[in-house]
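# Structure assessment
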Amino acid sequence: MNAHTLSLPKAIVNLLAGALFGFGLSLATMVQPEVVIGFLQFKDWGLMLVMGGAAGLAMLAYKGFPRWFSRPLLGGEFLTQPAQWNRQTVIGSAIFGIGWGLSGVCPGPALAALGTGNTEVLWALAGVVLGGLAHGMTARD
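Computed from a predicted model, the values in this text were never measured in an experiment.

A separate point is unusual backbone geometry. Across the chain, the bulk of peptide bonds are trans and the bulk of non-glycine residues have phi less than zero. Unusually for a residue other than glycine, threonine 29 sits at a positive phi of about 65 degrees. Along the chain, threonine 29 turns up in the loop between helix H1 (8-27) and helix H2 (33-40).

Turning our attention to empty space enclosed by the protein. Across all of its chains, the model carries 1 cavity of 30 Å³ or more by this definition. Looking at the largest cavity, its volume works out to about 30 Å³. In terms of lining, the largest cavity is formed by Met30, Val31, Pro33, Gly104, Val105, Cys106, Pro109, Ala110 and Val121. A per-class count over the lining of the largest cavity returns 8 nonpolar, 1 polar and no charged.

With 17 residues, helix H4 (residues 87-103) extends 24 Å from end C-alpha to end C-alpha; this agrees with the ideal 24 Å at 1.5 Å per step. Positive backbone phi, approximately 75 degrees, marks glycine 104, located one or two places after H4.

Bringing the confidence of the model for the protein into the picture now. Averaged over all residues, the pLDDT of the protein is 86; the fraction at 70 or higher stands at 96%. Considering each helix and strand of the protein separately, the mean pLDDT is smallest for helix H5 (residues 107-115), with a value of 86, and largest for H1, with 90.

Where H5 meets helix H6 (residues 122-138), the closest approach of the two axes is 10 Å, and the angle between their N-to-C directions is 140 degrees. Relative to H6, H5 is oriented oblique. Our pair here, H5 against H6, has a crossing hand that is left-handed. Side by side, H5 and H6 meet where Pro107, Ala110, Leu111 and Leu114 of the first sit next to Leu122, Leu125 and Val128 of the second. A per-class count over the contact of H5 with H6 returns 7 nonpolar, no polar and no charged.

The rules behind the values
- Residues numbered from 1 in each chain as written.
- Predicted model: local features only at pLDDT ≥ 70, side-chain atom pairs only at ≥ 80, totals over all residues.
- Heavy atoms only, no water.
- Helix = DSSP H or I, 4+ residues; strand = E, 2+ residues; numbered from the N terminus.
- 1 Å grid on protein atoms, 1.4 Å probe; cavity = no way out; pocket = protein on both sides within 12 Å on 5 of 7 lines; lining within 4 Å.
- Points joined across faces, edges and corners; volume = space filled by probe spheres on them.
- Nonpolar A, V, L, I, M, F, W, Y, C, P; charged D, E, K, R; others polar.
- Expected span 1.5 Å × (residues − 1).
- pLDDT = per-residue confidence, 0-100.
- Axes fitted to C-alpha atoms, helices over the stretch in contact; angles between N-to-C directions.
- Parallel < 35°, antiparallel > 145°, perpendicular 65-115°, else oblique.
- Left-handed = near helix turned anticlockwise from the far one by under 90°.
- Contact = heavy atoms within 4.5 Å.

Listed below in structure tokens is the structure:
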């Protein structure tokens, strides 16, 4: 079996991790666009602490797990994604940032917001889907 094939234990862990992620976003109020816009305007420092803590833990896990464990707990191998800065990355990042700043909606929290009953984020998710489709139709390999 391929080490990257989704098995039942991996599917359960992914489901639990996604549920925990969504719960954390909701608890941190990142599912509320007005709170996110307050953060982007430097009026709400609570989200800065949440995002800084999350980024720090993610970096620790990303860099530390391959050193601490010989392989991932559910099999396979640790993979790296080398960063490539180019024109498309800068333009895409700018478009993402502008959309995030105007709407106060990021894709992950938008999905979690649907779980809270906030259907207004469907407009932002439609923009994410259209942007992904546009990228897919214009991307060069």
